[in-house]
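As a plain string of letters, each chain reads:
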Amino acid sequence: MFIVTRSPAGFRNVSFVYSGDLSSFFLWCLFILSLVQNNVITGVYPASPSSWLFVVIAILATMYTRSDPSMGLIAKIQEHLPVSDSLSIQCRTVVSAVLFSTLLWFSLIFTMRLCLKQLLSYHGWMFEQHGKVSNTTKIWAAMVRIFSGRQPLLYSYQGSLPNLPVPTVKDTVKRYLESARPLMSDSEYERMTTLAKEFESSLGNRLQWYLKLKAMWASNYVSDWWEEYVYLRGRGPLMVNSNYYGMDFLYVTPTPIQAARAGNTLHACLLYRRKLNREEIKPVILNVPLCAAQCERIFNTTRIPGEETDSLIHWQDSEYVAVFHRGRYFRLWLYHAGRMLSPREIEQQIQRIMDDPSPPVPGEAKLAALTAGDRIPWAQARKEFFSSGVNKRSLDCIEKAAFFVALDDDEQGMRGDDPAGNLDRYAKSLLHGKCYDRWFDKSFTVVVYKNGKNGLNAEHSWADAPIMAHVWEYVMTTDSFQLGYTEEGHCKGDVASSLPPPTRLTWDIPAECQERIERSLAVAQALADDVDFHVLPIQEFGKGAIKKCKISPDAFIQIGLQLAYYRNRGTFSLTYEASMTRLFREGRTETVRSCTSESCAFIRSKEVCRRLFRTAAEKHQHLYKMAMTGGGIDRHLFCLYLVSKYLGEESPFLKEVLSETWNLSTSQTPLQQVELFDFVNHPEYTTCGGGFGPVADDGYGVSYIIIGENMINLHISCKHSCPQTVSTFFHYHLSDFCFLANALACVS
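Just so it is clear, the model here is predicted, and its values are computed rather than measured.

A. View of the sheet that holds strand β12 (residues 404–407). Spatially, the eight strands line up as an open sheet ordered β15-β9-β8-β12-β13-β14-β3-β20, and their pairing is mixed. Whereas interior strands pair on both sides, the edge strands pair on one side only; in this sheet they are β15 (503–504) and β20 (690–692). Pairing geometry for strand β9 (residues 328–333) and β15, over two bridges, is antiparallel. The partner of Phe330 across the bridge, within β15, is Arg504. In this fold helix α10 (residues 258–277) packs onto β8 (320–325), β9, β12, β13 (444–448) and β14 (454–458), with an angle of close to 150 degrees to the strand it touches most, β13. Across the face of the sheet, helix α11 (residues 343–355) comes into contact with β8, β9 and β12 while running at roughly 160 degrees to β9.

The following block contains the structure:
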């Protein structure tokens, strides 16, 4: 077993605990060799290891022409070399030249990285109109290509990414007041303006000074605090409140055989992990590279509960998965004799688990409810009942697994006489299941249903949804288009006769622990029952029609959400839209405050006004770009608030801002690997995206994905306990907006 951390320079440090298994040792040796090779390539990027030889030869060649490119430095190095009778003067000169060449090579690498880092700090290209590229941007793009090197590995750009800038207090306060204006009355806005100005002129500057100090030494002044205080210190249930889900294909189930679907899905996950370990996954390029730091913890990661704060633990190359089926837990080895199991072999092993007639022991069936309830009771139970003996060994097996697998006895998907209702139930099942059949602490749980449908549930603290979506796109398409199935629906390939059967995990759960499991289950069940969920595939209107209006599809949808909320509730809402900040090193997300004075003006207009609509869309796009390029509001205010708490200072302004409720929380899941899909020839293989639970008790959570030119899938959540929120009612008004937007294209 190996534990992996990444250094600030981007190198991976590995601690290995030898288990005595020769196949494990062989895999470890291969991994270390690959790791060393990748570290060397990444460490010298944007140069290449072979460029060192070129520099050495060039220096030696110039020396033989009786010129000194080092301006005397080679001679100085030669003077300090130890004197040896075995080395001639000529050999000493060559050694000195090689040493000088190596120093020159490292200096060139440092200079190239510094230049590339400065180039990647330029974001003017984002704010230019489509089709109107300035000369500055053209020169910048050419320089980026020159300094970017060739054939980068996944982490090659990490050392060249710029740090997230700290906005000025003045700019942040100004943007906050601008975002708050449409949501406040005149008196409320005047009062908030007074608080903001007092903060800006006094305490704000002091807090900013400390925050800049942190930004000088930290890779990212936000991300570590965001992970700790927003995620790991949360004491409520992860289920619904934090974890999110991803769905299978909307219209197609490649095989109705549960074990076969699990075989291909798990094998595809292993293929992705192998590419990840070898850093063969291409860096995501959005004109500039995006940070890949979050990819490190996709597999072999778990969240450990604590009484005050949780912690994230990551291992490398775990050789098995933990499987849950009908209340029992199994360890399923995915490697045998140093090789990865084939899909057909995994199918056979899954079938063995499903054929196992043994019943769960007392307390085992609903054990995972501890991960679904409040964190403090789980931390206490883990310490008291799972810190030694057989329970610790079995819990370690789950936590150190590559990921978790749930074999569900239900059938799900858009099917039967009520496809819309079944699709909603499918979403709820992936979000929370039965509250005891998902291990919510694992980085992700793969769920495979009885009818062959699948999906996933992912923990949120280790990374954001686009990282997991990238994995899932690869898994779905590899499963269907590359691995495939036989005519009977089984996985392809042969089965080795010597495979040992999966191992049943054993437990000894006392009555007191069973009572705590039941209490956690009651908390989780009440939360799950309160979730109202609706999945809305829109096929009448898509990106193609939106582009005809020459408007950003994301801005279009966000304004549509504002209009739907307004017609539902009769008022405007503070709106959260997640925007990534991965243009910067270790960047995660920033908030786009989508409810603006411009969008409110359009929504209040009684006529279809294209001018107001376009103004609102352009304002939204500007805010989105500002958030992406480090000019957002909320992460800066969040960090200032934390500094004030560290210093024991009270700020009425920060306190009010941080206590605001996001009644409309939204997020787009972008389709990142379009080349893996073929929506023209195979439109039935349409991904449905994923969703999350409502953030506020009286609000909505909306996730959406834009598929091809003619489809948008939305996942809408709220709570039954709030009489003002109904997911299908929101659907009604959102559909109404689509018809309204159709009319916009005809309005001059």
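Once the structure has been displayed, the description carries forward.
B. Inspection of the packing of aromatic side chains at higher detail. Using the criterion set out here, one finds 34 aromatic pairs in the structure. For the ring pair Phe481 and Tyr685, a centre distance of 5.0 Å and an interplane angle of 65 degrees mean the geometry is edge-to-face. Of the two residues, Phe481 sits in helix α16 (residues 465–483) while Tyr685 sits in the loop between β19 (664–668) and β20, which places them 204 residues apart along the sequence. Counting every residue linked through ring pairs, the aromatic cluster contains Phe324, Tyr329, Trp378, Phe386, Phe404, Trp439 and Trp507. The ring of Trp226 carries the charged tip of Arg635 above its face, separated from the ring centre by 3.7 Å.

C. Fine view of unusual backbone geometry. Following Tyr45, the chain continues to Pro46 via a peptide bond in cis, the omega torsion being 15 degrees. Relative to the helices and strands, Pro46 is located in the loop between α1 (22–44) and α2 (49–64). At Asn287, a residue that is not glycine, the phi angle is positive and equals roughly 65 degrees. Within the element layout of this structure, Asn287 appears in the loop between β4 (285–286) and β5 (288–289). Its relative accessible area of 54% is what places Asn287 among the exposed residues.

D. Local environment of the packing of helix α13 (residues 375–385) against helix α17 (residues 511–529). Packing of α13 against α17 leaves a shortest axis separation of 11 Å and a crossing angle of 165 degrees. Judged on the interaxial angle alone, α17 and α13 are roughly antiparallel. Crossing hand, α13 versus α17: left-handed. On the side of α13, the interface is formed by Gln380, Ala381, Glu384 and Phe385, while α17 contributes Glu512, Cys513 and Arg516.

E. Highlighting the environment of Tyr576. Mapping Tyr576 onto the fold places it in strand β17 (residues 575–580). Remark: the alpha-carbon pair of Tyr576 and Trp662, spanning 86 residues in sequence, is separated by 6.2 Å. Look past the residues within four positions of Tyr576 in its chain and what remains in contact with it is Trp226, Thr589, Thr591, Val592, Arg635, Trp662, Leu664, Ser665 and Thr666. Among the polar contacts made by the side chain of Tyr576, one reaches the side chain of Arg635 at a distance of 2.9 Å.

F. Representation of the nonpolar core within the structure. Core analysis: the biggest nonpolar cluster contains 57 residues, and Leu266, Ile298, Phe299, Val321, Phe403, Leu407 and Phe444 have the highest contact counts within it. Only α10, β8, β9, α11, β12, β13, β14 and α16 provide two or more residues apiece to this core. Residue contributions to this core peak at nine residues, all from α10. When residues of this core are assigned to domains, at least three fall in each of domain 2 (176–228 + 532–746) and domain 3 (237–530). Excluding residues that lie within four positions of it along the chain, Val321 makes contacts with Leu266, Phe330, Arg331, Leu332, Leu334, Ala401, Ala402, Phe403 and Val405. The next biggest cluster of nonpolar side chains, apart from the first, holds 55 residues, and it includes Val169, Tyr176, Phe199 and Val592.

Cut-offs and rules
Residues take numbers from 1 onward in each chain, read along the sequence in its written order. Selection of residues for local features in this predicted model requires a pLDDT of at least 70, selection of side-chain atom pairs for listing and counting requires 80 or more, and totals for whole chains, interfaces and linings are taken over all residues. Note that the side-chain values use all heavy atoms of the structure and ignore hydrogens as well as water. Strand pairing requires that DSSP identify at least two bridges connecting the strands. Helix numbers and strand numbers start at the N terminus; a helix is a DSSP run of H or I with at least 4 residues, a strand a run of E with at least 2. By definition, residues are in contact when any of their heavy atoms lie within 4.5 Å. Angular values range over 0 to 180 degrees, each being the angle between N-to-C directions of two axes fitted as lines to C-alpha atoms, with helices fitted over their stretch in contact. For Phe, Tyr and Trp, where Trp contributes only its six-membered ring, two rings pair if their centres lie within 6.5 Å, and the inter-plane angle classes them as stacked under 30 degrees, edge-to-face over 60, or tilted in between. Lysine NZ or arginine CZ positioned within 6 Å of the ring centre and within 35 degrees of the ring normal marks a charge as sitting over the ring. Each residue is placed in one exposure class: buried if its accessible area under a 1.4 Å probe, protein chains only, is under 20% of its type's maximum, exposed if it is over 50%, and partly exposed if it falls in between. Orientation labels follow simple angle bins: below 35 degrees gives roughly parallel, above 145 gives roughly antiparallel, 65 to 115 gives roughly perpendicular, and whatever is left gives oblique. Working rule for handedness: look at the near helix, and if it is turned counterclockwise from the far one by less than a right angle, call the crossing left-handed; if clockwise, right-handed. Any pair of nitrogen or oxygen atoms within 3.5 Å is treated as a polar contact; in protein, a donor-acceptor pairing is required on top of that, and neighbouring residues in sequence qualify only through side-chain atoms on both sides. As used here, the term nonpolar core means buried Ala, Val, Leu, Ile, Met, Phe, Trp, Tyr and Cys residues forming a set that is joined through side-chain atoms within 4.5 Å. The split into domains, and so the bounds of each, comes from an automatic or database assignment of domains.

Note that every value here comes from positions in space, so none of it alone points to a role or purpose.
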